[in-house]
Amino acid sequence: MIKEGDKIPAFSVVDQDGKAFTAEDLAGQRTVLYFYPKDSTPGCTAEACNLRDNIDALAAAGYRVIGVSKDSDASHRKFIEKYQLPFTLLSDKSTEMLQAFGAWGEKKMCGKVCTGTLRKTFIINAEGIVERIIEKVDTKNHSAQIL
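One structure accompanies this document, and this report is about it. It should be emphasised that the depicted structure is a prediction, and the values quoted were computed from it without experimental measurement.

Here is what the cut-offs are and how they apply
Counting restarts for each chain, with residues numbered from 1 along the sequence as it is written. Reporting in this predicted model follows two pLDDT cut-offs: at least 70 for local features of residues, and 80 or more for side-chain atom pairs to be given and counted; totals over whole chains, interfaces and linings ignore these cut-offs and use all residues. Note: side-chain values were computed over all heavy atoms of the structure, leaving out hydrogens and water. Two strands qualify as a pair provided DSSP detects at least 2 bridges between them. We count a stretch as a helix when DSSP gives it H or I for four or more residues in a row; a strand needs E for two or more, and each element gets its number in order from the N terminus. As a rule, the C-alpha atoms of each element are fitted with a line to give its axis, helices using only the stretch in contact, and angles between N-to-C directions run from 0 to 180 degrees. Working rule for contacts: check all heavy atoms of both residues, and any pair within 4.5 Å makes them a contact. Buried, partly exposed and exposed residues are distinguished by accessible area as a fraction of the type maximum, computed with a 1.4 Å probe on protein chains only: under 20%, between the cut-offs, and over 50%, respectively.

## Quick notes on the sheet that holds strand E3 (residues 30-35)
Moving on, step 1. Spatial ordering of the open sheet is given by E2-E1-E5-E4-E3-E8-E9, a layout of seven strands whose pairing is mixed. The open sheet has two edge strands, strand E2 (20-22) and strand E9 (130-134), and neither has a second partner. In this sheet, adjacent strand axes meet at a mean angle of 30° when their direction is disregarded.
Moving on, step 2. Pairing geometry for strand E4 (residues 63-69) and strand E5 (residues 88-91), over four bridges, is parallel. Of the residues in E5, the one forming a bridge with glycine 67 is leucine 89.
Moving on, step 3. Its contacts with the sheet put helix H3 (residues 73-83) on strand E1 (12-15), E4 and E5, and the angle it makes with E5 is roughly 155°.

## A short note on unusual backbone geometry
Moving on, step 1. Residues other than glycine seldom take positive phi values, yet glutamine 84 does so here, at roughly 45°.
Moving on, step 2. Structurally, glutamine 84 can be placed in the loop between H3 and E5.
Moving on, step 3. For glutamine 84, a relative accessible area of 56% translates into the label exposed.
Moving on, step 4. In this model, threonine 95 sits at a positive phi of 70°, which is unusual for a non-glycine residue.
Moving on, step 5. With respect to the element layout, threonine 95 can be found in the loop between E5 and helix H4 (96-100).

## With respect to the environment of lysine 140
Moving on, step 1. Here lysine 140 is to be found in the loop between E9 and helix H5 (142-146).
Moving on, step 2. With relative accessibility at 60%, the residue lysine 140 sits in the exposed group.
Moving on, step 3. Each C-alpha atom of the pair lysine 140 and asparagine 50 lies 6.1 Å from the other, and the pair is 90 residues apart in sequence.
Moving on, step 4. Excluding residues that lie within four positions of it along the chain, lysine 140 makes contacts with Ala46 and Asn50.

Below, the structure written as structure tokens:
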């Protein structure tokens, strides 16, 4: 499992436009990399909209925002268009990236245990080192947790 101080693992996924995106694409800028379960669900929409509404403050602090879920690139495009999200969303249908970051595992939903995406956020420096991990994400106030 990745922890604070670790270099990010190698990965290769696609963005909302179907364009390849790798760990190397994170180099050179501080990044808020947030993992979320599913496009257009209440909690995930609240989190994305909170980040959208505070994008200027995040940018002023030197961050770019990138979201990751196992939804398809087409689903991500619809999510971005519907909520005017000003950041990249990555599609990890294989869950390899989710697993590499420890954002895939057992969770409880409606009282049942299932396997799926764990909501987590990684603050990554320009050299690709994890500075901070937010494991208990407040979807409605996520930007404040980051800043």
